[in-house]
Amino acid sequence: MISLHTRSKTIPVWTSDIFVIRRTDMQLLSEFIGSQKIRLVDVGVSRLRERNKGQTLITDFA
């Protein structure tokens, strides 16, 4: 018999840090590791926005 489990989590602050996203994924997946075989893991993101590329250096403010 195949079981389907769905988990989701909203990060409270906008981030582009892949390590924050990966850590969140691992937290959600951790309850399944070692307890049963895993066939498929799907990660989705939403509410994407373009990153502000302006004024990133201190010299840009001069």
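What counts as what
- Residues numbered from 1 in each chain as written.
- Predicted model: local features only at pLDDT ≥ 70, side-chain atom pairs only at ≥ 80, totals over all residues.
- Heavy atoms only, no water.
- Salt bridge = Lys/Arg side-chain N within 4 Å of Asp/Glu carboxyl O.
- Helix = DSSP H or I, 4+ residues; strand = E, 2+ residues; numbered from the N terminus.
- Buried < 20%, exposed > 50% of the residue type's maximum accessible area, 1.4 Å probe, protein only.
- Patch = residues over 30% accessible without salt bridge, like charges linked within 9 Å, V, L, I, M, F, W, Y side chains within 5 Å.
- Areas by Shrake-Rupley, 256 points an atom, 1.4 Å probe, with all protein chains shown as cover.

**Q** Any chance you could break down the pattern of salt bridges for me, citing the residues and the numbers?
**A** By the definition in use, this model includes one salt bridge. Note that R7 and E31 form a salt bridge whose closest N and O atoms lie 3.0 Å from each other. With R7 in the segment before helix 1 (18-29) and E31 in the segment after helix 1, the pair connects residues that are 24 residues apart, well separated along the chain. Assessed through its relative accessible area of 39%, R7 is described here as partly exposed.

**Q** Break down a nonpolar patch on the surface for me, with residues and values.
**A** A cluster of nonpolar residues, M26, I33, I38, V41 and V43, forms a patch on the protein surface that exposes about 440 Å² of accessible area. Relative to the helices and strands, I33 is located in the segment after helix 1.

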